[in-house]
Amino acid sequence: MCNTVTRIGFIGAGNMGTAIMKAIRAKFDTVQLYAADPDQAKLTALEELGVQPCADAAAVTDACKYVFLAVKPQVMEDVLDSIASHVTGDTVLVSIAAGITGQYIQSRTRADAKVILVMPNTPLLLGEGASALAQVAPTTDEEFSFVLSVFAACGKAAVVPADKMKEIIAINGSSPAFIYLYAKGFMDYAASVGIDPQTAAVLFSQSLIGSAKMITDSGYSIDELIRMVSSPGGTTLAGLDALYEGKLTEVAQDACTRCTKRAYELSK
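Calculation notes
Residues numbered from 1 in each chain as written. Predicted model: local features only at pLDDT ≥ 70, side-chain atom pairs only at ≥ 80, totals over all residues. Heavy atoms only, no water. Helix = DSSP H or I, 4+ residues; strand = E, 2+ residues; numbered from the N terminus. Buried < 20%, exposed > 50% of the residue type's maximum accessible area, 1.4 Å probe, protein only. Contact = heavy atoms within 4.5 Å. Areas by Shrake-Rupley, 256 points an atom, 1.4 Å probe, with all protein chains shown as cover. Lys, Arg positive; Asp, Glu negative; His and termini not counted. Charge placed at Lys NZ, Arg CZ, Asp CG, Glu CD. Salt bridge = Lys/Arg side-chain N within 4 Å of Asp/Glu carboxyl O. Pairing = 2+ DSSP bridges. Axes fitted to C-alpha atoms, helices over the stretch in contact; angles between N-to-C directions. Expected span 1.5 Å × (residues − 1). Arc of directions from axis to C-beta. Core = buried A, V, L, I, M, F, W, Y, C linked by side-chain atoms within 4.5 Å. Right-handed = clockwise from strand over helix to strand, strands pointing away.

Digging into the overall build of the protein chain
Here is step 1: The helix and strand tally for the protein chain stands at 12 helices and eight strands.
Here is step 2: Taken along the three principal axes of its C-alpha coordinates, the protein chain extends 65 × 35 × 35 Å.
Here is step 3: Per-residue burial over the protein chain gives 38% buried out of 268 residues.
Here is step 4: Of the contacts made within the protein chain by residues no fewer than 6 positions apart, 63% connect residues no fewer than 24 positions apart.
Here is step 5: As displayed, the protein chain has an accessible area near 15,100 Å², and 58% of this comes from carbon and sulfur atoms.
Here is step 6: With 21 positive and 28 negative side-chain charges, the protein chain shows a separation of 2 Å between the mean positions of the two kinds.

Here's the deal with the pattern of salt bridges
Pairs can form between side chains of opposite charge whenever their charged atoms are close.
Here is step 1: This model, assessed by the stated rule, comprises 11 salt bridges.
Here is step 2: Here Asp254 and Arg258 are joined by a salt bridge, their closest N and O atoms 3.1 Å apart. With Asp254 and Arg258 both in helix 12 (residues 248–266) and four residues apart, this pair spans about one turn of that helix.
Here is step 3: The exposure class assigned to Asp254 is partly exposed, which follows from its relative accessible area of 34%.
Here is step 4: Through salt bridges with shared partners, a single network forms among Lys65, Asp90, Lys114 and Glu143.

Thoughts on the sheet that holds strand 4 (residues 66–69)
Here is step 1: Reading across the sheet, the eight strands line up as 3-2-1-4-5-6-7-8 and stay open at both edges, with mixed pairing between neighbours. Strand pairing shows two members of the sheet lacking a second neighbour, strand 3 (52–53) and strand 8 (155–159), which therefore form its edges.
Here is step 2: Relative to strand 7 (residues 129–136), strand 6 (residues 114–119) is paired through five bridges, and the arrangement is antiparallel. If you follow Met119 over to strand 7, its bridge partner there is Ala132.
Here is step 3: Here helix 1 (residues 15–27) sits on the sheet in contact with strand 1 (6–11), strand 2 (31–36) and strand 4, set at roughly 165 degrees to strand 2.

Comments concerning the side chain of Ser131
Here is step 1: With respect to the helices and strands, Ser131 occurs in strand 7.
Here is step 2: Sequence-distant contacts of Ser131, defined by excluding residues within four places in its chain, comprise Val118, Met119, Pro120, Leu124, Phe151, Lys156, Ala157, Ala158 and Asn172.

Topic: helix 8 (residues 175–192)
Residues that lie three or four places apart on an α-helix share one face, since the helix turns once every 3.6 residues.
Here is step 1: Its 18 residues give helix 8 an end-to-end C-alpha distance of 26 Å, which sits within 8% of 26 Å, the value for a rise of 1.5 Å per residue.
Here is step 2: Turning to helix 8, its buried residues number three or more, namely Ser175, Pro176, Ala183 and Ala190. End-on view of helix 8: buried residues confined to an arc of 85 degrees, all on one side of the axis. In helix 8, the exposed residues that point more than 90 degrees away from the buried face are Leu181, Tyr189, Ala191 and Ser192.
Here is step 3: As for helix 8, its buried residues are in contact with helix 7 (168–173) and helix 9 (197–217).
Here is step 4: One or two steps after helix 8, the chain reaches Gly194, where phi turns positive at roughly 80 degrees.

Some details on the nonpolar core
Here is step 1: Judged by nonpolar contacts, the single largest core of 34 residues is most densely connected at Ile11, Leu69, Met76, Ile83, Leu93 and Ile105.
Here is step 2: Broken down by element, this core gets its largest block of residues, four residues, from helix 4 (residues 76–83).
Here is step 3: If we ignore the near neighbours within four places in the chain, the residues touching Leu93 are Val67, Leu69, Ile83, Val87, Ile105, Thr109, Ala113, Lys114, Val115 and Ile116.
Here is step 4: Membership of the second largest hydrophobic core comes to 33 residues, among which are Met21, Tyr66, Ala70 and Leu124.

Some words on the pairing of strand 5 (residues 92–95)
Side chains on a regular strand alternate between the two faces of the sheet.
Here is step 1: Residues of strand 5 alternate between two faces, with Val92 and Val94 on one and Leu93 and Ser95 on the opposite face, all of them buried.
Here is step 2: Direction of pairing for strand 4 relative to strand 5: parallel, over a ladder of four bridges. Looking across to strand 5, one finds that Leu69 is bridged to Ser95.
Here is step 3: Running through helix 4, the crossover from strand 4 to the neighbouring parallel element strand 5 is right-handed.
Here is step 4: Summarising the sheet, strand 5 and strand 6 pair through four bridges and their orientation is parallel. Across the sheet, Val92 pairs through a bridge with Lys114, a residue of strand 6.
Here is step 5: A crossover connection joins strand 5 to the parallel strand 6 through helix 5 (residues 102–108); in handedness this β-α-β unit is right-handed.

Structural data, given as structure tokens:
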């Protein structure tokens, strides 16, 4: 018996879309990939992965069950209008655009369109993404599980309610930038005291990786983990005092609040 081939199309072949296609190609055997993008060079490069280039977004939608909307929010309206008459009751539209709601996609295509919302992040480019997904009715559990497995192949994937997709942006979508800025403070300090930048980057980056593993795998709470590193009267507590005085956790929460506020302002 032959396995059924699943046809997956990408409207937009930028960094994120290409990274997802590479993960699909590496992890899934019975899949045929299609893509459309204004940049012909991107499509030519993808042909080496076995991706079938399409003339436009409508052609992708005609060919595929799963259609990934891998475009910027600013051009989503035009893309949806161009494919509206090509979306069927079997099509599953997968949006990775921040602030775009399932209701908006349905309003521009068809009222009963199947939609899955995804908030990925840039570490997905290295196969270490953290992607949040929401299922919008009438998408079936089987269809949602398949798309969830696609993003799990790109790192970690988790399910959130559709009405929390704007709030989750600060947690996984924008947080890498916040972490990079935090890291810059340590890198700048290392340079100021004459430590080799590459050495500092290796040690601090591994500290981030190890600390993340402690959060997910150790079974200890955040407060317990802080105490484990903080000997009474020691160096860590001296540093923590500066972070407490600077109200680091309040600043982080303010960053998240502003991020979410902007997501609502941009929402469609």
